[in-house]
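Close look at the chain arrangement
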Amino acid sequence: MCIYIMKVYALSALVAIVSVVIYYYRSYIQKEGPRARNLKVFTADELQQYSGDGVKSTGTEPLEKPIYLAVMGKVFDVSKGRRFYAEGGGYSFFTGIDGTRAFVSGNFTKEGLRDDIEDFDDEQLLGVEHWISFYESKSEGKYFLAGYLVGRYYDSNGQPTPVLENILIRLARAKERREKKKAYHKVVPSCDSHWEQGKGTTYKCSESKRSPRKETFPGEKTPRCACILIDGTVEGANVLKGEHVLTAVYDGCDPSSSTCNVPSKD
Ligand code: HEM
């Protein structure tokens, strides 16, 4: 009897301990904020102190202080990549600032190194996300998250701003569309295209029952040339699941021909 009671007590204690551990673990996970993970919240001036100025990219001596850069308000320690990021490295301009926009635009001038991306389309947003994943996962700890930058994307408590929340929602949608686009492109093939000086661009569908169309996918700015069925059958609705693709006949092209030439404008 006594042993039975002890077993019940031991089991209850175990359940209580496990519950407490789960409770604290969950509240830790939910508190995504920097304090929960011992991360720092930087002001722009503070971040600027970690630009790697005065550190030679070819040097081998230990760094006096780390080198940081920010992407969409996340501050990463890139000290182990000093050959890229310290003075003389090809990408030193990214350090000490949030140059999110330039990670996609490739405009590395003073004007281009900015953090605003609200006008980016799906593909550009996914491009930014690619770089964040790169710094988060790079070489198993070569680079790592050091904190958050107060400003466009995080507030002074290191919590996401409405701008960031909106971009994250758009990113989630962009990922959904990326999958739909992949499936759709398998159903509606792309044209072959060829540019020639003086002649312009020739678009061609390899199947004679198809004709080139300028197609804009939802969420994107840059069109592609799609080969749609000449008989008017609309394909891909089952994979698009409610997304609406815009198609237009190229200027001056015969909508029932499988080839089409668009002269250059100049
Ligand atoms: C939007 C345009 C571009 C961005 C944002 C970009 C960014 C970067 C960054 C951040 C790194 C350092 C990676 C690390 O920390 O490990 C890097 C490395 C590199 N990039 Fe770019 N890059 C761009 C375009 C290009 C282009 C057009 C080329 C080639 C012509 C190029 C060639 C390279 C090479 C070769 C490396 C590695 C260098 C080495 O290992 O020494 N990049 N790039």
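Rules used in this analysis
- Residues numbered from 1 in each chain as written.
- Predicted model: local features only at pLDDT ≥ 70, side-chain atom pairs only at ≥ 80, totals over all residues.
- Helix = DSSP H or I, 4+ residues; strand = E, 2+ residues; numbered from the N terminus.
- Buried ≥ 20, exposed ≤ 12 C-beta atoms within 10 Å, placed from the backbone.
- Contact = placed C-beta atoms within 7 Å.
- Pairing = 2+ DSSP bridges.
- Axes fitted to C-alpha atoms, helices over the stretch in contact; angles between N-to-C directions.
- Expected span 1.5 Å × (residues − 1).
- Core = buried A, V, L, I, M, F, W, Y, C linked by C-beta atoms within 7 Å.
- Parallel < 35°, antiparallel > 145°, perpendicular 65-115°, else oblique.
- Nonpolar A, V, L, I, M, F, W, Y, C, P; charged D, E, K, R; others polar.

Another point: the overall build of the chain. A tally of regular secondary structure across the chain gives 7 helices and 10 strands. Counting across all 266 residues of the chain, residues that qualify as buried make up 26%. Long-range pairs, those at least 24 residues apart, make up 61% of the contacts in the chain between residues at least 6 apart in sequence.

Although it is not a glycine, Met72 sits at a positive phi angle of roughly 45°. Mapping Met72 onto the fold places it in the loop between strand 2 (68-71) and strand 3 (74-77). When the 24 C-beta atoms within 10 Å are taken as the criterion, Met72 is described as buried. The backbone of Lys241 sits at a positive phi, close to 40°, despite the residue not being glycine. Along the polypeptide, Lys241 turns up in the loop between helix 7 (237-240) and strand 9 (246-248).

With antiparallel pairing, 3 strands are arranged side by side in an open sheet as 5-6-10. Each of the sheet's edge strands pairs with one partner strand only, and the pair in question is strand 5 (192-196) and strand 10 (259-262). The average angle at which neighbouring strand axes cross in this sheet is 15°, direction not considered. Alignment of strand 5 against strand 6 (residues 200-204), held across 5 bridges, turns out to be antiparallel. In the strand pairing of strand 6, Ser193 is matched with Tyr203.

Our focus in this paragraph is the sheet that holds strand 4 (residues 144-149). Two pairing modes exist for strands in a sheet, parallel and antiparallel, and in both the strands are linked by backbone hydrogen bonds. The mixed open sheet is built from 4 strands, whose spatial order is 1-4-3-2. Of all strands in the sheet, those with a lone pairing partner are strand 1 (40-42) and strand 2, marking the two edges. The average angle at which neighbouring strand axes cross in this sheet is 40°, direction not considered. Across 3 bridges, the pairing between strand 1 and strand 4 is parallel.

All right, on to the environment of Phe93 then. For Phe93, the position within the fold is in the loop between helix 3 (82-85) and helix 4 (100-105). Residues within four places of Phe93 in sequence aside, it is in contact with Phe108 and Leu113.

Attention now moves to helix 5 (residues 122-137). The first and last C-alpha atoms of helix 5 sit 22 Å apart over 16 residues, in line with the 22 Å expected at 1.5 Å per residue. Against strand 2, strand 3 and helix 6 (162-187) lie the buried residues of helix 5.

Okay, the environment of Val163 next. By the element assignment, Val163 lies in helix 6. According to the C-beta neighbour criterion, Val163 is partly exposed, with 18 such atoms within 10 Å. Taking the C-alpha atoms as reference points, Val163 and Tyr153, 10 residues apart in sequence, are found 6.2 Å from one another.

Within soluble globular proteins, side chains that are nonpolar tend to cluster in buried spots. Tyr68, Val75 and Phe76 are the most contacted members of the largest nonpolar core, which totals 25 residues. Every element with two or more residues in this core is listed here: strand 2, strand 3, helix 4 and strand 4. Ranked by residues supplied to this core, first place goes to strand 2 with 4 residues. Not counting residues within four places of it along the chain, the set of residues in contact with Val75 comprises Phe42, Leu47, Tyr68, Ala70, Ala146, Gly147, Tyr148 and Leu149. With 13 residues, the next largest nonpolar core counts Ala226, Cys227, Leu240 and Cys260 among its residues.

For the rest of this paragraph, the subject is helix 6. The terminal C-alpha atoms of helix 6, which comprises 26 residues, lie 38 Å apart, in line with the 38 Å expected from a rise of 1.5 Å per residue. Among the residues of helix 6, those classed as buried are Ile167, Ala174, Arg177, Lys181 and Tyr184. Residues of helix 6 that are buried make contact with helix 5 and helix 7.

Right, let's talk about the packing of helix 5 against helix 6 for a bit. Remark: helix 5 packs on helix 6, axes separated minimally by 9 Å, with the N-to-C direction vectors making an angle of 105°. When the interaxial angle is binned, helix 5 and helix 6 end up roughly perpendicular. On the side of helix 5, the interface is formed by Asp122, Leu125, Leu126 and Glu129, while helix 6 contributes Ile167, Arg170, Leu171, Ala174, Arg177 and Arg178. Classifying every residue of the contact of helix 5 with helix 6 gives 5 nonpolar, no polar and 5 charged.

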